[in-house]
Amino acid sequence: MRKHIENYVRTAGLSVATATALTMAAGPVSAAESLTFTLNWLPKADHAAYYYAKEQGWYSQAGLDVTIEGGRGSGATVQRVAAGASNIGIADFSTMLAARGKGADLVAVMSVYTISPVYFYWLKSSGITGPKDFAGKTIGAPAGDVAVALWPVFAAKAGIDPKSVKFANVTPPAKLSALKSGSVNIVPYLYDAHDLVINEFKDDVQFVGTDSVGINPYRISIYTNGKYLTEHRDAVGKFVKVSQKALDACTHNFDPCMDALKKATSGLDEKYERQTWERMKTLMDDTNTRDIAFGWIDAARVKSDYDLVAQTVGIETAFDPAKAFTAEFIDKSIKFDPSTVKLAR
């Protein structure tokens, strides 16, 4: 509006006073609200949708000036958002619940992966056919691995003694070589690394997800600081709806999303990132995302997740899990399309 008036003034040769009056009558130009969004890790395929939304101008059209910054793990992102150093973050839901139990004022506003991505991998040539054969074997994982925390519950549900398995402290980069050498028998990975294992061992690899025995907590979710939510509800709502739209678009056609991701970062293996995205889509597909809304958060599942975290890593100070999330901003017109899933888990 202001630019149109200025052009008119120049063309008509109006006085400075007249130009000023017309400009003031047009009213102030509304500025976009600045918002910092912190990822759970460095930009990868599962972050492409946010870069795509930014490139398409969807955030800015909603009145948001979004800065996307890379992360260094869910724990670090949770700390940044809890401290107010970032406005919105994406991180592991259980990590957020544990942090809230330590006093962090955090509220989840949208789920991204509704199926647990925690998997255990082993080689057929080892003679292991399933979890019941894990007894007496060695699992290679760092002490802080989510699979280590879930192990006692997984073992109990799988029908084996949790103490019948030994753990070796193996760093993530060394997991494949440890499995290949036989120094460990089983390694856990998140499902986004599935093709990394398959490409290494081909038909000799077998695997099982924790959801196969009923352990299916929410994992990657979008959340914000409680104070920021109170003071910027409109901005949070807009961010959620645009992000839903972008994730939905990327499930249908990943090409422009991959292009946006490549412009935002370097050093990516495009073939691997595309494989990863196809895997990730299978983790978005459940009855709630199909029937209610893409990104829906279910109260009963949150309560179940709270109980699981309390049982495994612990909740330092008990709280009402219903206060740890809100689904009010989720656009129910956007539902997950199962026809976009091309792979079976």
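As shown above, the structure is provided for reference.
All chains use their own residue numbering, which begins from 1 and follows the written sequence. In keeping with the model being predicted, local features are shown solely for residues with a pLDDT of at least 70 and side-chain atom pairs are shown and tallied solely at 80 or more, while totals for entire chains, interfaces and linings include all residues. Heavy atoms from the whole structure form the basis of all side-chain values; hydrogens and water molecules are not counted.

Turning next to the overall build of the protein. Secondary structure summary: the protein contains 15 helices and 10 strands in total. Seen through its C-alpha atoms, the protein measures out along the principal axes to roughly 90 × 45 × 35 Å. Here the protein, with 345 residues, has 50% of them falling under the buried criterion. Note on areas: Shrake-Rupley, 1.4 Å probe, and residue coverage restricted to the protein chains presented here. Split by element, the accessible area of the protein, about 15,600 Å² in all, is 53% carbon and sulfur. Counted charges follow a simple rule, with Lys and Arg positive, Asp and Glu negative, and His plus the chain ends left uncounted. Here the site of a charge means atom NZ of a Lys, CZ of an Arg, CG of an Asp or CD of a Glu. Where the 38 positive side-chain charges of the protein centre and where its 37 negative ones centre are 1 Å apart. Each helix is a run of H or I in the DSSP string that is no shorter than four residues. Each strand is a run of E no shorter than two, and both are numbered from the N terminus. Only protein chains enter the area calculation, which uses a 1.4 Å probe; residues under 20% of their type maximum are buried, those over 50% are exposed, and those in between are partly exposed.

Our focus in this paragraph is the layout of surface pockets. Grid points spaced at 1 Å over the protein atoms alone were grouped into cavities, where a 1.4 Å probe fits but cannot get out, and pockets, open sets with protein on both sides within 12 Å along at least five of seven lines, with lining residues defined by an atom within 4 Å of a point. Grid points are joined across faces, edges and corners, and a volume is the space filled by probe spheres set on the points. For the largest pocket, the calculated volume is near 1,500 Å³. If you go around the largest pocket, you meet 48 residues; those closest to its centre are Asn 40, Asp 145, Val 146, Leu 190 and Asp 192. Elements with a minimum of two residues in the lining of the largest pocket: helix 5 (74–83), helix 6 (93–100), helix 7 (146–158), helix 8 (175–181), strand 8 (186–190), helix 13 (270–282) and helix 15 (299–311). Put simply, Ala, Val, Leu, Ile, Met, Phe, Trp, Tyr, Cys and Pro go in the nonpolar bin, Asp, Glu, Lys and Arg in the charged bin, and everything else, Gly too, in the polar bin. Across the lining of the largest pocket, the residue classes break down as 29 nonpolar, 10 polar and nine charged. The space that makes up the second largest pocket amounts to roughly 150 Å³. Lining the second largest pocket, in full, are Val 153, Lys 157, Gly 214, Ile 215, Asn 216, Pro 217, Arg 301, Ser 304, Asp 305, Leu 308 and Gln 311.

Among the secondary structure elements, Pro 338 is positioned in the segment after helix 15. Taking the C-alpha atoms as reference points, Pro 338 and Ala 31, separated by 307 residues in sequence, lie 38 Å from one another. In contact with Pro 338, not counting residues within four places along its chain, are Asp 285 and Arg 290. Contact criterion: two residues are considered in contact whenever any of their non-hydrogen atoms come within 4.5 Å of each other.

Read these as layout, nothing more, since geometry by itself doesn't imply function.
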